[in-house]
Amino acid sequence: MEKSEIKAKIRTILVAVLKHENFEMNDDLSAANVAGWDSLTHMVIITEIEKGFQIKFKLKELNKLNNLGNLVDLIQSKLS
Amino acid sequence: MLFNSLEFVLFFITFFVLYWFVFKRNVELQNGLILVASYFFMAWWDWHFLLILVISSIINFVLGIYIAKAEDNENRQRLLLWLGLIYGLGSLLFFKYCNFFIESFVGAFDAFGVHLNIHTLNIILPLGISFYTFRAMSYLMDIESGKTEPVKNVVVFFSYLSFFPSSLSGPIDKARDFVPQLVKPRVFDSAQAADGARQILWGLFKKVVIADNCSSIAGPIFEQHHLYPGSTLLLGAFLYTIEIYADFSGYSDMAVGIARLLGFNIMNNFRYPFFAQNIAEFWQKWHISLTAWMTEYVFTPLSFIFRTYGKTGTILAIIINFVLVGLWHGANWTFIVYGFLHGCYFIPLLLKGTVNANKPIAEGRIFPTFRELINVLATFLLVMFTLILFNSQSITQAFYYYKDLFSSSLFSSVLLPEGMRSIKLTLTLVFIVILFMIEWIGRKQLYAIANLGLNWYRPVRWGLYYILIFLIFYFSGNEQQFIYFQF
């Protein structure tokens, strides 16, 4: 899957969970700069991404993620 | 030594002069001085406590390096990490909870009429163990997950664990935030130092003027609660709530301020928790370093494991998380129930999805709206209610406190402890009002008086500082121990 496709799908999930669109899908986007994306909503987002892309994350992989760019790369590696 | 004691002042002045004027710009010497001073500080209490800290430091130092070396062998890494965690948790369990387990174990058998002849051990809790053990565990976990590199310099690592401003009661700084500051040379910055001094002043005010005064009234009320009507028990609970906030946040302000005087920026532990509009917001503003630690290392892994169970999974993770927060404070069922209640408080928020629904209080306005005020009061009451448990020796004692509180004597007049003049209560309440007024004005700052009066005519601003200093000295006679030293 192309990165832009992955990003678009992630965006849909974020909007659905966070109920707002106040963020830009830049590679350096991180949870800290998005209203409502905290430890409580984080796992909801992760679970929706797993369902949406039909993949499974390991906790260690999640711990290494710093921003959206890392997340997109990780998803892409799991899809190939 | 307590921060508000003559010994500490002398100790710190000596240290400050050596640090900035004798060893200036020499990182290794400054760090060496920090280590020596921190060990001296710990040994001043008891050299046994220092021994335990040193042993812990050696074990974690070695494990940190080997965990990083085992990068290609995930199983080996995990084994070494678990060795470190078991050591840390094990020592906490031993020193803090051994007697609790023995008593609960014996008690369970007693309930069946079987009397076991096991005696509790005479164990004294090493000072600061909860704090440096949590620092060490976060260090090892961060190395294993690749969030930080191991520290190869013994002085730097041992200083991280023993750093005297925060060794006794936190904040629990993470290695990845603190170690880079130890490694870099510190340059004296007069603005940072002045800011640090101001924060120390504010912390002292909260501790000596607010907390100690509240304690002198709330203490007797709790100790002899069966003598007092419900109205007074309510007052006691209120004063205790303010006391624990002023005591702990005051101490934390002093720790942060002292660190700033030395050129370090450590995390703030409180962010005006009583202006929170719901319990989730409260925990983002109260004892922040512990909450952040638990969120990263307990709640997140738990919510990951339970993620396929939706809201039920999240609720379970929150409850376990807060029971552990409660338990961290000590070996008593009161703390467990305290934590459990806080976990349960999240349930309505999680079910309704309103955890983050509130905008920051009074955003763009001077005063909160009526709705916001109700939220703040409700949150305060919820917290106050659990602090009765927190301050009780046993569930039974708490139960009687609640029973008498919620009785008809709630509406009778307040009865002050024997020999106490009502002026003391009046004065304490006035100070509390002033505290909250200053905190409200300064609620967007790192600490309440950070920006207060910076635009004023200088003598007026210094007049304010002198008033605070005068009050601190005036009330210094009633020296009370910091509450969080016992954790």
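Predicted model, so just to flag it, every value in this text is computed and none were measured.

1. Some points on the overall build of chain B
- The helix and strand tally for chain B stands at 18 helices and zero strands.
- The C-alpha radius of gyration of chain B comes to 23 Å, within 12% of the 23 Å expected for a compact globule of 487 residues.
- Across its three principal directions, the C-alpha atoms of chain B cover 70 × 65 × 45 Å.
- Taking the intrachain contacts of chain B between residues at least 6 apart in sequence as the baseline, contacts between residues at least 24 apart amount to 76%.
- A total of about 22100 Å² of accessible surface is found on chain B, and carbon and sulfur atoms cover 67% of it.
- Side chains of chain B give 32 positive and 28 negative charges; the mean places of these two sets differ by 8 Å.

2. Side note on the overall build of chain A
- If you tally the helices and strands in chain A, you get four helices and zero strands.
- Put simply, chain A runs from its N terminus to its C terminus through helices and strands in the order α-α-α-α.
- For chain A, the C-alpha radius of gyration of 11 Å lies close to 12 Å, the compact-globule estimate for 80 residues.
- Along the first, second and third principal axes, the C-alpha set of chain A runs to 30 × 25 × 20 Å.
- Considering chain A as a whole, with its 80 residues, one finds that 40% of them fall into the buried category.
- In chain A, once contacts between residues fewer than 6 apart in sequence are set aside, the share between residues at least 24 apart is 49%.
- With an accessible surface of roughly 4400 Å², chain A has 49% of that area assigned to carbon and sulfur atoms.
- Averaging the locations of the 11 positively and 11 negatively charged side chains of chain A gives two centres separated by 7 Å.

3. Describing the side chain of Asp 173 of chain B
Residues and elements named next belong to chain B.
- Considering the arrangement of structural elements, one finds Asp 173 in the loop between α7 (164–167) and α8 (175–183).
- Residue classification places Asp 173 among the buried residues on the basis of a relative accessible area of 3%.
- In this structure the side chain of Asp 173 is engaged in a polar contact, spanning 3.4 Å, whose partner is the backbone nitrogen of Met 267.
- Discounting chain neighbours no more than four positions away, the residues touching Asp 173 are Arg 135, Tyr 160, Phe 178, Ile 266 and Met 267.

4. Observations concerning the confidence of the model for chain B
- This prediction gives chain B a mean pLDDT of 90; 97% of its residues lie at or above 70.
- Our summary of model confidence lists the complex with pTM equal to 0.90 and ipTM equal to 0.91.

5. With respect to the interface of chain B and chain A
- The partner chain A presents 15 residues to the 18 residues of chain B that form the contact.
- Taking both partners together, chain B and chain A bury about 1400 Å²; carbon and sulfur atoms supply 63% of that area.
- Per-residue buried area on chain B facing chain A is highest for Ser 145, Phe 304 and Arg 307 of chain B; these three make up 40% of the total on that side.
- For the pair chain B and chain A, the number of links is two salt bridges.
- Here Arg 307 of chain B makes a salt bridge to Glu 50 of chain A, at a shortest N to O gap of 2.7 Å.
- Inspection of the region where chain B meets chain A yields three residue pairs in polar contact (both at pLDDT 80 or more).
- If you list the elements that add at least two residues to the side of chain B that touches chain A, you get α4 (74–110), α12 (288–305) and α13 (310–329) of chain B.
- Ranked by residues supplied to the side of chain B that touches chain A, first place goes to α12 of chain B with six residues.
- Taken together, the residues that form the side of chain B that touches chain A break down as six nonpolar, eight polar and four charged.

6. Notes on the packing of aromatic side chains
All names here are of chain B.
- In total, this model carries 66 aromatic pairs over all chains according to the counting rule given.
- Pairing Phe 8 with Phe 12 gives two aromatic rings, centres 5.9 Å apart and planes at 15 degrees, and the pair type is stacked. Placement of both Phe 8 and Phe 12 in helix α1 (residues 6–22) is noted, with a separation of four residues, approximately one turn of the helix.
- Given a relative accessible area of 4%, Phe 8 falls into the buried group.

7. A short note on the pattern of salt bridges
- By the definition in use, this model includes 22 salt bridges over all chains.
- A salt bridge links Arg 11 of chain A to Glu 21 of chain A; the shortest N-O distance between them is 3.0 Å. Linking Arg 11 of chain A in helix α1 (residues 3–18) with Glu 21 of chain A in the loop between α1 and α2 (39–53), this pair joins segments that are 10 residues apart in sequence.
- The salt bridge involving Arg 260 of chain B is made with Asp 195 of chain B; its shortest N-O contact spans 2.1 Å. Linking Arg 260 of chain B in helix α10 (residues 230–261) with Asp 195 of chain B in helix α9 (residues 190–223), this pair joins segments that are 65 residues apart in sequence. The residues Arg 260 of chain B and Asp 195 of chain B share a single accessibility class, namely buried.
- Members of the salt-bridge network, linked through shared partners, are Asp 142, Lys 147, Lys 174, Arg 176 and Glu 296 of chain B.

8. Examining the packing of helix α2 (residues 27–45) of chain B against helix α6 (residues 154–162) of chain B
Residue and element names in this part refer to chain B.
- Close contact between α2 and α6 brings their axes to 9 Å; oriented N to C, the two are set at 40 degrees. Classified by the interaxial angle, the pair formed by α2 and α6 is oblique. Our pair here, α2 against α6, has a crossing hand that is left-handed. On the side of α2, the interface is formed by Asn 31, Gly 32, Ile 34, Leu 35, Ser 38 and Tyr 39, while α6 contributes Val 155, Val 156, Phe 158, Ser 159 and Ser 162.

9. Points about the packing of helix α5 (residues 129–144) of chain B against α12 of chain B
Residue and element names in this part refer to chain B.
- α12 packs onto α5 with a crossing angle of 35 degrees between their chain directions and a minimal axis gap of 12 Å. The interaxial crossing formed by α5 with α12 has left-handed handedness. When α5 is examined against α12, the residues Phe 134, Met 137, Ser 138, Met 141 and Asp 142 are found in contact with a partner set consisting of Leu 290, Trp 293, Met 294, Glu 296 and Tyr 297.
- When the residues that make up the contact of α5 with α12 are grouped by side-chain class, the tally is seven nonpolar, one polar and two charged.

10. Observations concerning unusual backbone geometry
All names here are of chain B.
- Looking along the chain, the bond that leaves Gly 170 and enters Pro 171 is cis, with omega of 0 degrees.
- Following the sequence through the fold, Pro 171 ends up in the loop between α7 and α8.
- A positive phi angle, close to 45 degrees, is found at His 287, a residue other than glycine.
- Within the element layout of this structure, His 287 appears in the loop between α11 (279–285) and α12.
- In this structure His 287 comes out as buried when scored by relative accessible area, which is 1%.

11. Here we look at the nonpolar core
- By size, the foremost hydrophobic cluster in this structure holds 157 residues, and its most contacted members are Phe 12 and Phe 164 of chain B.
- Top element by residues in this core is α10 of chain B. It accounts for 17 residues.
- Phe 12 of chain B has contacts with Phe 164, Ile 258, Leu 261 and Leu 262 of chain B, leaving out every residue within four places of it along the chain.
- Grouped together as the second largest cluster of nonpolar side chains are 25 residues, Leu 14, Val 17, Met 43 and Val 72 of chain A included.

Thresholds applied
- What you see as residue numbers is a count from 1 along each chain, following the sequence as written.
- The order in which chains are written sets their letters, starting at A; the order in which ligands are written sets their numbers, starting at 1.
- Restriction of local features to residues with pLDDT of at least 70 applies here, the model being predicted, together with a cutoff of 80 or more for giving and counting side-chain atom pairs; totals for whole chains, interfaces and linings are based on all residues.
- Values reported for side chains reflect all heavy atoms of the structure, with hydrogen atoms and water molecules removed beforehand.
- Every helix listed is a DSSP run of H or I at least four residues long, and every strand listed is a run of E at least two residues long, numbered separately from the N terminus.
- Computation of the radius of gyration draws on C-alpha atoms, with the globule rule given as 2.2 Å multiplied by the number of residues to the power 0.38.
- Whether two residues are in contact is decided by their heavy atoms: any pair within 4.5 Å suffices.
- Accessible surface is estimated by sampling points in the Shrake-Rupley manner with a 1.4 Å probe; for residues, cover comes only from the protein chains shown.
- We treat Lys and Arg as the positive residues and Asp and Glu as the negative residues; His and chain ends play no part in the count.
- All charge positions are set by atom: Lys at NZ, Arg at CZ, Asp at CG, Glu at CD.
- Each residue's exposure class comes from its accessible area (1.4 Å probe, protein chains only) as a fraction of the maximum for that residue type: buried when under 20%, exposed when over 50%, partly exposed otherwise.
- As used in this structure description, the phrase polar contact means that two N or O atoms lie within 3.5 Å; if the pair is within protein, one of them must be able to donate a hydrogen and the other to accept it, and residues adjacent in sequence are counted only when both atoms belong to side chains.
- Note on scores: pLDDT gives the predictor's confidence for each residue, bounded by 0 and 100.
- Buried area adds together the accessible area that both of two parts lose upon being put together, with accessible area traced by a 1.4 Å probe.
- Whenever a carboxyl oxygen of Asp or Glu lies within 4 Å of a side-chain nitrogen of Lys or Arg, that contact is scored as a salt bridge.
- Each residue is assigned to one of three groups, with Ala, Val, Leu, Ile, Met, Phe, Trp, Tyr, Cys and Pro labelled nonpolar, Asp, Glu, Lys and Arg labelled charged, and all others, Gly among them, labelled polar.
- Note on aromatic pairs: the rings of Phe, Tyr and Trp (six-membered ring only in Trp) are paired at centre separations within 6.5 Å, and the planes decide the class, stacked below 30 degrees, edge-to-face beyond 60, tilted for the rest.
- For helices, the axis comes from a line fit to the C-alpha atoms of the stretch in contact; other axes are also lines fit to C-alpha atoms, and the angle between any two N-to-C directions lies between 0 and 180 degrees.
- In this scheme, roughly parallel covers angles under 35 degrees and roughly antiparallel covers those over 145, while 65 to 115 is roughly perpendicular and the rest are oblique.
- In this scheme the handedness of a crossing depends on how the near helix is turned from the far one: anticlockwise by less than a right angle means left-handed, clockwise means right-handed.
- Side-chain atoms within 4.5 Å are what join buried Ala, Val, Leu, Ile, Met, Phe, Trp, Tyr and Cys residues into a set we call a nonpolar core.

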